[in-house]
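Notes for the structure review
Next come the chains, spelled out residue by residue.
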Amino acid sequence: MTSSRKHGLSVAAATMLMLALCSDVGLAQGATGGSIGNDNKSLSGGSGDEPRSAGPARRAKPERREAAPRREAPRRAARGDGESSGGGGVAKFNGTWSVTSVGETCSDTLTTTAVISNGRITSANDTGTINANGVSSTVGNYSGITVTAQGRASATTGSGTFRRSDGCVGRWSSRKQ
């Protein structure tokens, strides 16, 4: 065993101790960040008089190629009522509608008023939507009975079917006021 092992020191610890105790600064400079022959070097790596490096070199950006001109789709002039000038929007259904529902498996008949505004259908008990093709869907609650309805409308009339949570099914028809 070496003498450093007898005192509980490992070889690495003994070497570090020897470097720390070494009187020749040149032997230990590599461990503190300095370099041999540069006595003005600080622990942080600079002497204060030296200019700082500009950092790592940056890659040159690739040249931008001129993009081909974009072709834009023709625009439709907006009419301000939610409908394009082509007549394909939901605004053509906007207004007040009278809706009559007749049960086929039950004896209920109901007439109510619904308002359509920009694709939204509302009445006293129902809410729903209608798309630009006239396809509608509503859900309502009448005295605890849930009613779902689907149908289709033109610019002035509509019709469809409904189903209630109590099992009653039927038909509805509507006319724009």
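Please refer to the structure higher up on the page.
Just so it is clear, the structure is predicted and the values come from calculations on it, not from any experiment. (Residues numbered from 1 in each chain as written. Predicted model: local features only at pLDDT ≥ 70, side-chain atom pairs only at ≥ 80, totals over all residues. Heavy atoms only, no water.)

Attention shifts here to the overall build of the chain. When its secondary structure is counted, the chain shows three helices and eight strands. Out of the 177 residues belonging to the chain, those deemed buried represent 21%. Summarising the internal contacts of the chain: among those between residues at least 6 apart in sequence, 30% fall at separations of at least 24. (Helix = DSSP H or I, 4+ residues; strand = E, 2+ residues; numbered from the N terminus. Buried < 20%, exposed > 50% of the residue type's maximum accessible area, 1.4 Å probe, protein only. Contact = heavy atoms within 4.5 Å.)

Strand order around the closed barrel formed by eight strands is β1-β2-β3-β4-β5-β6-β7-β8, with antiparallel pairing between neighbours. Here the strands of the sheet are splayed against their neighbours by 25° on average, with no regard to which way each runs. Where strand β2 (residues 109–117) and strand β3 (residues 120–123) come together, four bridges link them in antiparallel fashion. Counted as the bridge partner of S117 is R120 from β3. (Pairing = 2+ DSSP bridges. Axes fitted to C-alpha atoms, helices over the stretch in contact; angles between N-to-C directions.)

Now for the pairing of strand β8 (residues 169–176). One ladder, built from seven bridges, connects strand β1 (residues 95–103) with β8; its direction is antiparallel. When the sheet's bridge partners are listed, S98 is paired in β8 with R175. Pairing geometry for strand β7 (residues 157–164) and β8, over seven bridges, is antiparallel. Looking at β8, one finds that G160 is bridged to W172. Between β7 and the antiparallel strand that follows it, β8, lie four residues; G167 among them carries a positive phi value of about 100°.

The subject of this paragraph is the side chain of S101. Secondary-structure assignment places S101 in strand β1. On the basis of relative accessibility, which here comes to 18%, the residue S101 falls in the buried class. Setting aside its immediate chain neighbours within four residues, S101 contacts D108, T109, L110, F162, R171 and W172.

Attention now goes to unusual backbone geometry. Phi is positive for N118, which is not a glycine, with a value near 50°. Topologically, N118 is positioned in the loop between β2 and β3. Overall, the relative accessible area of 45% leaves N118 in the partly exposed class. At S143, a residue that is not glycine, the phi angle is positive and equals roughly 55°. Examined against the element boundaries, S143 turns out to sit in the loop between β5 (135–142) and β6 (145–153).

A word on the pairing of β7. Only one face of β7 is covered, namely the one carrying G158, G160, F162 and R164; the face carrying T157, S159, T161 and R163 has none of its residues buried. Bridging between β6 and β7 involves seven bridges; their strand directions are antiparallel. Directly across from T148, in β7, lies its bridge partner R163. Taking the residues that link successive antiparallel strands as the turn, the β6-β7 hairpin has three residues.

A full pass over the atoms with the stated rule returns three salt bridges. Across the pair R171 and E104 runs a salt bridge whose closest N-O atoms are separated by 3.1 Å. Of this pair, R171 sits in strand β8 while E104 sits in the loop between β1 and β2; the two residues are 67 residues apart in sequence, bridging distant segments of the chain. Given a relative accessible area of 49%, R171 falls into the partly exposed group. We note a salt bridge from R164 to D166, for which the minimum N-O separation is 2.5 Å. Looking at R164, the relative accessible area reads 15%, which means it is buried. When salt bridges that share partners are traced, they join D108, R164 and D166 into one network. (Salt bridge = Lys/Arg side-chain N within 4 Å of Asp/Glu carboxyl O.)

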